[in-house]
Amino acid sequence: MKIRCVWEHNGEDSIVYSDNYIGAFTRGRTKDIALGKMVDEVRSYLLWRNGSMLESLETEIVQEKTSELNIADADSDVLFEAEKGILSLVEYEELKALALRSAEDFLTLYESIPDKNMSCLPKRQTFYGQAPRTAFEMYEHTKSVNEYYFGEIGVDVYNEGTILSCRMKGFELLETQPDFLNNEVIEGSYGEEWSLRKVLRRFIWHDRIHAKAMYRMAVKTFGVDVIPNIFHFNI
């Protein structure tokens, strides 16, 4: 099976995404480093998604995006070519179910951590401020994009409740729009292009970034026997 890869880079750092395994991604100082991690990433992703693991996987780059953003901190603005065009109701329901499953599993991981405010990680400054260190900080940050992502496609929703309940509310409001499956490309904040497919992918991708970080932090802090590996991450 081919892993269709979208390569976003700023001349130094790279993020590689899959446009056919929605939410799977890797990062690296170079394209080759990021690509070299992708087969293991997709195998981990498939174990999480449906418990399967394909024997034969190969990567191919289908799109490249040069960015001015701080790629090392997973800042991204790429719109995949595959994220344009009308959505069928079947595809929408499948992607929505995956985005909700991701939120539910993220919440389960968070709730499993014995002390939400304890972390062995050192403080780390990023371009946007202090990186989240504790489970609580990671959870609040991950939940906080709900209003932002939905807002970029014209859905007015907030971040109240759990990561799962506020995401469900966003989809409920989205579905009141009569033409939401048209999947129009919209220019949002800072000139970034968005579509409904992109919002769906960004939720899963963003969950996965911070679930990885939370799981690894929690294993280092509390031990591998304490924290369930819900997403099947390799550490």
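Our subject is the structure listed above.
Here is a short report on the structure shown in this document.

Its 12 residues give helix 6 (residues 163–174) an end-to-end C-alpha distance of 17 Å, which sits within 8% of 16 Å, the value for a rise of 1.5 Å per residue. Buried within helix 6 are the following residues: Ile163, Leu164, Cys166, Arg167, Gly170, Phe171 and Leu174. Here the buried face of helix 6 lies against helix 3 (89–112), helix 4 (135–143), helix 5 (145–151) and helix 7 (196–222).

Turning our eyes to something else, we now look at the environment of His141. Residue placement: His141 occurs in helix 4. Between the C-alpha atom of His141 and that of Pro178, which follows or precedes it by 37 residues, the distance is 31 Å. Those residues in contact with His141 that sit more than four places away from it in its chain are Pro132, His206 and His210. Looking at His141, its side chain comes within polar contact range of the side chain of His206, at 3.2 Å. Of the polar contacts made by the side chain of His141, one reaches the side chain of His210; its length is 3.2 Å.

So, on to the side chain of Glu41. When you line up the elements, Glu41 lands in helix 2 (residues 38–50). Excluding anything up to four places from it in sequence, Glu41 contacts Gly23, Ala24, Phe25, Thr26, Arg208 and Lys212.

Turning next to the packing of helix 3 against helix 4. For the pair helix 3 and helix 4, the least separation of the axes is 10 Å and the interaxial angle reads 160 degrees. Comparing their axes, helix 4 and helix 3 come out roughly antiparallel. As helix 3 runs across helix 4, the sense of the crossing is left-handed. Residues Phe106, Leu107 and Tyr110 of helix 3 form the contact with helix 4, whose own contacting residues are Ala135, Phe136, Met138, Tyr139 and Thr142. Along the lines of polarity and charge, the residues of the contact of helix 3 with helix 4 split into 7 nonpolar, 1 polar and no charged.

Moving on: a positive patch on the surface. A cluster of basic residues, Arg27, Lys37, Arg216 and Lys220, forms a positive patch at the surface. Position of Arg216 among the secondary structure elements: in helix 7. Residue Arg216 is classed as partly exposed on the basis of its relative accessible area, which comes to 37%.

For helix 4, every residue scored as buried is listed here: Ala135, Met138, Tyr139, Thr142 and Lys143. Projected down its long axis, helix 4 carries its buried residues within an arc of 125 degrees, all on one side. For helix 4, the secondary structure elements touched by its buried residues are helix 3, helix 5, helix 6 and helix 7.

Let's shift gears to the sheet that holds strand 3 (residues 25–28). Spatially, the 4 strands line up as an open sheet ordered 3-2-1-4, and their pairing is mixed. At either end of the open sheet lies a strand with only one pairing partner, and these are strand 3 and strand 4 (58–66). For this sheet, the mean inter-axis angle between neighbouring strands, taken without regard to orientation, is 25 degrees. Where strand 1 (residues 2–9) and strand 4 come together, 8 bridges link them in parallel fashion. Bridged to Lys2 within strand 4 is Glu58.

Criteria and thresholds
- Think of each chain on its own: its residues are numbered from 1, step by step along the sequence as written.
- Local features in this predicted model are restricted to residues whose pLDDT is 70 or higher, and side-chain atom pairs enter the listing and the counts only when it is 80 or higher, whereas totals over whole chains, interfaces and linings include all residues.
- Only hydrogens and water are set aside when side-chain values are computed; all heavy atoms of the structure are taken into account.
- Each helix is a run of H or I in the DSSP string that is no shorter than four residues. Each strand is a run of E no shorter than two, and both are numbered from the N terminus.
- Expected span of a helix: the number of residues minus one, times 1.5 Å.
- Partly exposed residues are those whose accessible area sits between 20% and 50% of the maximum for their type, while under 20% is buried and over 50% is exposed, using a 1.4 Å probe and protein chains only.
- Contacts are assigned to residue pairs with any non-hydrogen atoms lying within 4.5 Å of each other.
- Distance and chemistry together define a polar contact, namely a pair of N or O atoms within 3.5 Å, with one atom able to donate a hydrogen and the other to accept it when in protein, and with adjacent residues in sequence counting only for side-chain atoms on both sides.
- A fitted line through C-alpha atoms represents every axis, and for helices the fit uses only the stretch in contact; the resulting angles, taken between N-to-C directions, go from 0 to 180 degrees.
- Note on terminology: angles under 35 degrees are roughly parallel, angles over 145 are roughly antiparallel, angles of 65 to 115 are roughly perpendicular, and the others are oblique.
- In this scheme the handedness of a crossing depends on how the near helix is turned from the far one: anticlockwise by less than a right angle means left-handed, clockwise means right-handed.
- Amino acids are sorted into nonpolar (Ala, Val, Leu, Ile, Met, Phe, Trp, Tyr, Cys and Pro), charged (Asp, Glu, Lys and Arg) and polar (every other residue, Gly among them).
- Patch membership requires over 30% relative accessible area and the absence of a salt bridge. Like charges are linked within 9 Å, and nonpolar side chains (Val, Leu, Ile, Met, Phe, Trp, Tyr) within 5 Å.
- Using a 1.4 Å probe, the Shrake-Rupley method yields the accessible areas, and only the shown protein chains count as cover for residues.
- Think of a salt bridge as a Lys or Arg side-chain nitrogen and an Asp or Glu carboxyl oxygen that are within 4 Å of each other.
- Charge assignment in this entry is limited to Lys and Arg as positive and Asp and Glu as negative, and neither His nor the chain termini are counted.
- A single reference atom marks each charge: NZ on Lys, CZ on Arg, CG on Asp, CD on Glu.
- Here, the arc refers to the directions that run from the helix axis to the C-beta atoms.
- A pair of strands is considered paired only if DSSP assigns at least 2 bridges between the two.

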